[in-house]
Amino acid sequence: QIDPVSGMVINLTDLKEYMQEAIMEPLDHKNLDKDVPYFADVVSTTENVAVFIWENLKKLLPAGILYKVKVYETDQNIVVYKGEETISE
């Protein structure tokens, strides 16, 4: 939902802080396989990096606001992750 007062979905300053905490601090200038505990047991593919980012951002962002994570490994290899769907029986 767009906030009628600010005209934004989320304050960009807040988003920048969330991204810093969820993405930059744990991943920037790191050897994923050696320096990031998540990847000790998970292969550090682009797909799994997208899942890692999704999980970290989802913890910080307001509920229901995260739509997708897009990771560009190269111009030709781009991964889009939209979370796991839960199907109740």
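The rules we used
Residues numbered from 1 in each chain as written. Predicted model: local features only at pLDDT ≥ 70, side-chain atom pairs only at ≥ 80, totals over all residues. Heavy atoms only, no water. Helix = DSSP H or I, 4+ residues; strand = E, 2+ residues; numbered from the N terminus. Buried < 20%, exposed > 50% of the residue type's maximum accessible area, 1.4 Å probe, protein only. Contact = heavy atoms within 4.5 Å. Areas by Shrake-Rupley, 256 points an atom, 1.4 Å probe, with all protein chains shown as cover. Lys, Arg positive; Asp, Glu negative; His and termini not counted. Charge placed at Lys NZ, Arg CZ, Asp CG, Glu CD. Pairing = 2+ DSSP bridges. Core = buried A, V, L, I, M, F, W, Y, C linked by side-chain atoms within 4.5 Å.

Caption draft 1: Representation of the overall build of the protein in the model. Assigned secondary structure in the protein consists of three helices and two strands. The secondary structure elements of the protein, listed N-terminal to C-terminal, are α-α-α-β-β. Overall, the protein is about 45 × 40 × 30 Å in size when its C-alpha atoms are taken along their principal axes. Within the protein, the proportion of its 89 residues that are buried is 27%. Excluding contacts between residues fewer than 6 apart, the proportion of contacts in the protein whose partners are at least 24 apart in sequence is 39%. When the accessible area of the protein is evaluated, it comes to approximately 7000 Å², of which 51% is carbon and sulfur surface. Placing the 8 positive and 16 negative side-chain charges of the protein at their respective mean positions leaves the two points 3 Å apart.

Caption draft 2: Representation of the pairing of strand β2 (residues 78–81) in the model. Where burial is concerned, the two faces of β2 differ: the one with V79 and Y81 is buried and the one with I78 and V80 is not. Taking the residues between adjacent antiparallel strands as the criterion, strand β1 (residues 69–72) and β2 are bridged by five residues.

Caption draft 3: Main features of unusual backbone geometry. Look at H29: it is not a glycine, yet its phi comes out positive at around 55°. Locating H29 in the fold gives a position in the loop between α1 (12–27) and α2 (32–35). Among the residues examined, H29 registers a relative accessible area of 76% and is labelled exposed.

Caption draft 4: Molecular detail of the nonpolar core. Core analysis: the biggest nonpolar cluster contains 20 residues, and L27, F39, I53, L57 and V69 have the highest contact counts within it. If you list the elements that add at least two residues to this core, you get α1, α3 (46–60), β1 and β2. The residues touching F39, leaving out its near neighbours within four places in the chain, are L27, L32, D33, S44, N48, V49 and F52.

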